[in-house]
Amino acid sequence: MTLVTLRDVLQPALKGGYAVPGLVCLGWEDARAFVAAAEAERAPVILQAGPGARAHMPVSVWGAMFRHLAEGASVPVVAHLDHGTSLADCRAGLDSGFSSVMFDGSDLPLAENIDATATVAALAHAAGASCEGEIGFVGYAGGAASAGTDPEDAARFARETGVDAMAISIGNLHLQQDPGNGLDLARLRAIEALTDVALVIHGGSGVPFDQRAELSATSHIAKFNIGTELRMVFGAALRAAMARDANRFDRNAILTDTHDPMQHAAQAVFRGLGASGRA
């Protein structure tokens, strides 16, 4: 088995000047394609099941599926529960075999976020798993506005929670379909000056590709979450598969046509973060 924790892959990334993608999974087809991409690139991979995925399929099934993929993989695979919003969410992930959990207390007052995240971190570490937390608030394209991470708050958060990774808000947005104007480098450098924890960018699809590459090599950002751009590839491949033969109805045959486009798109993500050849 090559199931590993978030800390197992992010600490080498910090030292080696690259980042590892946290790839958002919605089903078997994309999760399998992402592991195939990681193996082709000889890169570690973080498979993520967020709230939407867990509403569609039970967390226990996600845990079993991720562990199954890890058992057959030749590269390190992290099974990561993304955006757990309660202790119960994170406990369920750990009980289901996830090797990493994220507690998202970003909408809580600072002290409450710290206390709740520290509780989850202690629970995860006792189970031999890792914990990611969030300080500041990463908003949504066309939705809730962001609240930028305060560097002093970030330093306190990292120090008092004991998290293995810290998601920050520096101009990134969830669900952004096109590369935006880039991240706030001044805020990033101020955060880096006060803490040495591995940093995480949610909404990585909205970060320009050249800035992703630069920051993977030159900053404390060791994890970029990538979802929207890969979901767009899946959607395009699915529509193309249906258009080729309007009479097709076997879902397995149709979904098979999404594998290669998803794998190739994911391989480009690994290369862009400098992760290729690191496993």
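Just above sits the structure.
Definitions and cut-offs
- Residues numbered from 1 in each chain as written.
- Predicted model: local features only at pLDDT ≥ 70, side-chain atom pairs only at ≥ 80, totals over all residues.
- Heavy atoms only, no water.
- Helix = DSSP H or I, 4+ residues; strand = E, 2+ residues; numbered from the N terminus.
- Rg over C-alpha atoms; globule rule 2.2 N^0.38 Å.
- Contact = heavy atoms within 4.5 Å.
- Lys, Arg positive; Asp, Glu negative; His and termini not counted.
- Charge placed at Lys NZ, Arg CZ, Asp CG, Glu CD.
- Axes fitted to C-alpha atoms, helices over the stretch in contact; angles between N-to-C directions.
- Parallel < 35°, antiparallel > 145°, perpendicular 65-115°, else oblique.
- Left-handed = near helix turned anticlockwise from the far one by under 90°.
- Nonpolar A, V, L, I, M, F, W, Y, C, P; charged D, E, K, R; others polar.
- Salt bridge = Lys/Arg side-chain N within 4 Å of Asp/Glu carboxyl O.
- Buried < 20%, exposed > 50% of the residue type's maximum accessible area, 1.4 Å probe, protein only.
- Polar contact = N/O pair within 3.5 Å; in protein donor to acceptor, adjacent residues only side chain to side chain.
- Arc of directions from axis to C-beta.
- Core = buried A, V, L, I, M, F, W, Y, C linked by side-chain atoms within 4.5 Å.

K.L.:
Tell me what's going on with the overall build of the protein chain, and back it up with residues and numbers.
P.N.:
Assigned secondary structure in the protein chain consists of 12 helices and nine strands. In terms of C-alpha radius of gyration, the protein chain reaches 18 Å, essentially the compact-globule figure of 19 Å for 279 residues. Taking the principal axes of the C-alpha coordinates as reference, the protein chain spans close to 60 × 40 × 35 Å. A separation threshold of at least 6 residues defines the contact pool for the protein chain, and within that pool the share at least 24 residues apart is 71%. Treating the 20 positive side-chain charges of the protein chain as one cloud and the 31 negative ones as another, the clouds have centres 5 Å apart.

K.L.:
Outline the packing of helix α8 (residues 185-194) against helix α9 (residues 209-218), supporting the account with residue identities and numerical values.
P.N.:
Closest axis-to-axis distance for the α8/α9 pair is 13 Å, and the angle between their directions is 15 degrees. With respect to α9, the element α8 is oriented roughly parallel. Seen from above, α8 lies across α9 with right-handed handedness. Where α8 abuts α9, its residues Leu 185, Leu 188 and Arg 189 lie against Gln 211, Leu 215 and Thr 218.

K.L.:
Lay out unusual backbone geometry in plain terms, naming residues and giving numbers.
P.N.:
Positioned with a positive phi, His 83 is a non-glycine residue whose angle comes to about 55 degrees. Considering the arrangement of structural elements, one finds His 83 in strand β4 (residues 77-84). A positive phi angle, close to 65 degrees, is found at Leu 175, a residue other than glycine. By the secondary structure assignment, Leu 175 is in the loop between β7 (165-168) and α8.

K.L.:
A description of the packing of helix α5 (residues 87-95) against helix α6 (residues 110-126) should follow, citing residues and the corresponding values.
P.N.:
Direction vectors running N to C along α5 and α6 enclose 10 degrees, while the axes themselves pass 10 Å from each other. Classified by the angle between their axes, α5 and α6 sit roughly parallel to one another. Residues Leu 87, Cys 90, Arg 91 and Leu 94 of α5 lie in contact with α6, whose contacting residues are Thr 119, Val 120, Leu 123 and Ala 124. Its residues assigned to classes, the contact of α5 with α6 comprises six nonpolar, one polar and one charged.

K.L.:
Lay out the pattern of salt bridges in plain terms, naming residues and giving numbers.
P.N.:
Enumeration over the complete set of coordinates arrives at nine salt bridges. The salt bridge involving Arg 244 is made with Asp 257; its shortest N-O contact spans 3.1 Å. Linking Arg 244 in helix α10 (residues 228-244) with Asp 257 in the loop between α11 (251-256) and α12 (259-272), this pair joins segments that are 13 residues apart in sequence. Since its relative accessible area comes to 56%, Arg 244 is described here as exposed. Among the salt bridges present, the one from Arg 248 reaches Asp 257, with a minimum N-O distance of 2.8 Å. What you see here is one network of salt bridges that share partners, running through Arg 244, Arg 248 and Asp 257.

K.L.:
Can you lay out the environment of Gly 227 for me, pointing to particular residues and giving the numbers?
P.N.:
Along the chain, Gly 227 falls in the loop between β9 (221-226) and α10. For Gly 227, a relative accessible area of 8% puts it in the buried group. Sequence separation between Gly 227 and Leu 183 is 44 residues, and the spatial gap between their C-alpha atoms is 18 Å.

K.L.:
Describe the side chain of Glu 192, listing the residues and the values that go with them.
P.N.:
When you line up the elements, Glu 192 lands in helix α8. Overall, Glu 192 belongs to the buried group, its relative accessible area being 12%. For Glu 192, the side chain forms a polar contact with the side chain of Arg 189, separated by 2.7 Å. Polar side-chain contacts of Glu 192 include one of 2.5 Å to the backbone nitrogen of His 220. In contact with Glu 192, other than residues within four places in its own chain, are Leu 199, Ser 219 and His 220.

K.L.:
Summarise helix α7 (residues 151-161); cite the residues concerned and give the values.
P.N.:
If you check which residues of α7 are buried, you get Pro 151, Ala 154, Ala 155, Phe 157, Ala 158 and Thr 161. Mapping the buried residues of α7 onto a view down its axis gives an arc of 165 degrees, with all of them on the same face. Those residues of α7 that are exposed and aimed more than 90 degrees away from the buried face are Glu 152 and Arg 159. Buried residues in α7 make contact with α6, β6 (130-135), β7 and α8. Two or three places before Glu 152, at the start of α7, stands the capping residue Asp 150, its side-chain oxygen 2.9 Å from that residue's backbone nitrogen.

K.L.:
A description of the nonpolar core should follow, citing residues and the corresponding values.
P.N.:
Core analysis: the biggest nonpolar cluster contains 79 residues, and Phe 66 and Met 166 have the highest contact counts within it. Residues in contact with Met 166, not counting those within four places in the same chain, are Gly 133, Ile 135, Ala 154, Phe 157, Ala 158, Ile 191, Thr 195, Val 197, Ala 198, Leu 199 and Val 200.

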